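Structure assessment
Listed below, chain by chain, are the residues.
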Amino acid sequence: MSDMASAGISPSLDSSAGTTTAPWQRAATGANLLSPEGTLGVTIFEEMTTLALSTGAINLGQGFPDEDGPAEIKAAAQSAIAAGANQYAPGKGIPALREAIAAHQQRFYGLNPDPDSEVLVTTGATEAIAATLLAFVQPGDEVLTFEPFYDSYGAIIGMAGATHVTAPLLAPDFHPDLAVLENSFSSRTKVVLLNNPHNPTGAVFPEPVLAMIVELAAKYGAIIVSDEVYEHLTFGVPHLPITSLPGAAERTITISSAGKTFSFTGWKIGWLSGPAHLVAAVRTVKQFLTYSSGTPFQSAIAVGLGLPDEFYTGIADTLRRKRDILAEGLRAAGFGVYNPSGTYFINVDTAPLGIRDSVDLARHLPKLVGVAAIPVPVFCHPEGAERTRSLLRFAFCKKTGVLEEAAERLATLKDRL
């Protein structure tokens, strides 16, 4: 089996063609876990984590912090548990959190969602994405994403039986070609699933790109679903919610979560906001998935959303310094480095080292220098995988000392190849 096949990369799925039938097969195919031979593989994250553990490597593959967020948020959760907030929360979320989400949107972006009818609390952003897609798409519909794409997008699109269409993001800034983006829309486009700031590339899309998406979504009658979980983690570039653009609000669901902003990824508290009729449709699906989510954590996140501006600017500044530490080590290693404008992730090109296959290098890197990363081709369909064949993604959401050690190890790579 080829490297790409063994990594789980398989042909893009058009469910209407009947290439697979069971929902789990569609989900696995959409997430690049089902090989052309029908073999079900493990995720690349599990594979790299296992390699990191077996070699003692520093794991810069999966994007989760290695230290907790603000103490006052933890204390609020502990107080809520002690006070007895341990039973089901209302299906749409406790009022305090929905009000805090609405206040957050007004404070940072001048938006004014109604906390009663236009805000929904979910079990992380992942459930928000799943419930939204399952609410609106069916076989015969197309869902458009950028490529590379976060793997859960492909899984849920496949599970819903829709067709996953992609528009490529191009180095060095990983912005789309607007003409190609326009040609990616069709009369079958039901949902445009946007991720901004973007994982895995670290791009933050400028207003002209967002305006084009709004224009095309309106032209084809598509819903915009905007995954903005990294909204506060940008570096010198402001985050612009697409729903704030003219013509967008009436067709846009905006998604975010506490995990990335506050470094409590294990709490799984997410949310979405949008027009009441769209939110009601998503709530109808969500109530039959998890119904409600982490009651004591909801009130704690409401506290977090009210933290002063200094907290929000501070987390971005700290993360930018961590990015720069890792970038220095990656340049010393001989990689071509694409400095991200946001998120937890930095991408590099292995081609300057004479290496064209990032999947193969990722499998050897833990033993070579004691650092694990994720190959970007696993976030793509076959054509995109070929286009990104030499790209690797590293996470820098780790303690400063860990990143300094990783940078030192990476700097030795050229001598070990």
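Residues numbered from 1 in each chain as written. Predicted model: local features only at pLDDT ≥ 70, side-chain atom pairs only at ≥ 80, totals over all residues. Heavy atoms only, no water.

1. Comments concerning the overall build of the protein
The helix and strand tally for the protein stands at 17 helices and 14 strands. On C-alpha atoms alone, the protein measures out to a radius of gyration of 21 Å, which is about the 22 Å that the 2.2 N^0.38 rule sets for 417 residues. Projecting the C-alpha coordinates of the protein onto the three principal axes gives extents of approximately 60 × 50 × 40 Å. Put simply, the protein has 417 residues, and 59% of those count as buried. If you take every contact in the protein between residues at least 6 apart in sequence, the share linking residues at least 24 apart comes to 74%. (Helix = DSSP H or I, 4+ residues; strand = E, 2+ residues; numbered from the N terminus. Rg over C-alpha atoms; globule rule 2.2 N^0.38 Å. Buried < 20%, exposed > 50% of the residue type's maximum accessible area, 1.4 Å probe, protein only. Contact = heavy atoms within 4.5 Å.)

2. A closer look at the pattern of salt bridges
Under the counting rule described, the total for this entry stands at 12 salt bridges. The closest approach of N and O atoms between Arg-107 and Asp-309, which form a salt bridge, is 2.6 Å. Residue Arg-107 is located in helix H5 (residues 95–109), and its partner Asp-309 is located in helix H13 (residues 309–333); the two are separated by 202 residues in the primary sequence. The partner of Asp-324 in a salt bridge is Arg-323, with the nearest N and O atoms 3.0 Å apart. A relative accessible area of 35% places Asp-324 in the partly exposed class. (Salt bridge = Lys/Arg side-chain N within 4 Å of Asp/Glu carboxyl O.)

3. A few points about the sheet that holds strand E14 (residues 391–395)
By definition, the strands of a sheet pair up through backbone hydrogen bonds, in either a parallel or an antiparallel sense. Reading across the sheet, the four strands line up as E10-E11-E14-E13 and stay open at both edges, with antiparallel pairing between neighbours. Across the chains shown, the open sheet's two edge strands, defined by having one partner strand only, are strand E10 (336–338) and strand E13 (374–375). By the bridge criterion, three bridges tie E10 to strand E11 (residues 345–349) in an arrangement that is antiparallel. Bridge pairing in E11 links Val-337 to Val-348. (Pairing = 2+ DSSP bridges.)

4. Section: the sheet that holds strand E9 (residues 270–273)
Strand order in this open sheet of eight strands is E2-E9-E8-E7-E6-E3-E4-E5, and the pairing throughout is mixed. Each edge of the sheet is formed by a strand with only one pairing partner; in this case those strands are strand E2 (119–122) and strand E5 (175–176). For strand E4 (residues 163–170) and E5, the ladder comprises two bridges, and the chain directions are antiparallel. Counted as the bridge partner of Leu-170 is His-175 from E5. Packing of H5 onto the sheet brings it into contact with E2, strand E8 (252–257) and E9, and relative to E2 it is tilted by some 120 degrees. Its contacts with the sheet place helix H6 (residues 124–136) against E2, strand E3 (142–147), strand E6 (189–195), strand E7 (223–227), E8 and E9, and it is angled at close to 160 degrees to E8. (Axes fitted to C-alpha atoms, helices over the stretch in contact; angles between N-to-C directions.)

5. Comments concerning the pairing of E6
The buried count for E6 comes to six of seven residues, which makes it a mostly enclosed element. With four bridges connecting them, E3 and E6 associate as parallel partners. Its bridge partner lying in E6, Thr-145 is registered against Leu-193. Two strands pair when backbone bridges link them, and E6 and E7 are joined in this way by five bridges, in the parallel orientation. By the bridge assignment, Leu-193 is partnered in E7 with Val-225. The handedness of the E6 to E7 crossover, carried by helix H9 (residues 207–220), is right-handed. (Right-handed = clockwise from strand over helix to strand, strands pointing away.)

6. Description of the packing of aromatic side chains
Under the criterion given, the structure shown has 18 aromatic pairs. Taken together, a centroid distance of 5.6 Å and an interplanar angle of 20 degrees make the contact between Phe-262 and Phe-311 stacked. One end of the pair, Phe-262, is in helix H10 (residues 258–262); the other, Phe-311, is in helix H13, and 49 residues separate them in sequence. By relative accessible area, Phe-311 is classed as buried at 16%. By the ring-pair criterion, three or more aromatic residues cluster together here, those being Phe-108, Tyr-109, Phe-262, Phe-311 and Tyr-312. Across the ring face of Phe-345, the terminal group of Arg-393 is positioned such that the distance to the ring centre comes to 3.7 Å. Just above the ring of Phe-64 sits the side chain of Lys-398; from NZ or CZ to the centre is 4.0 Å. (Phe/Tyr/Trp six-rings, centres within 6.5 Å; stacked < 30°, edge-to-face > 60°. Lys NZ or Arg CZ within 6 Å of the ring centre and 35° of its normal.)

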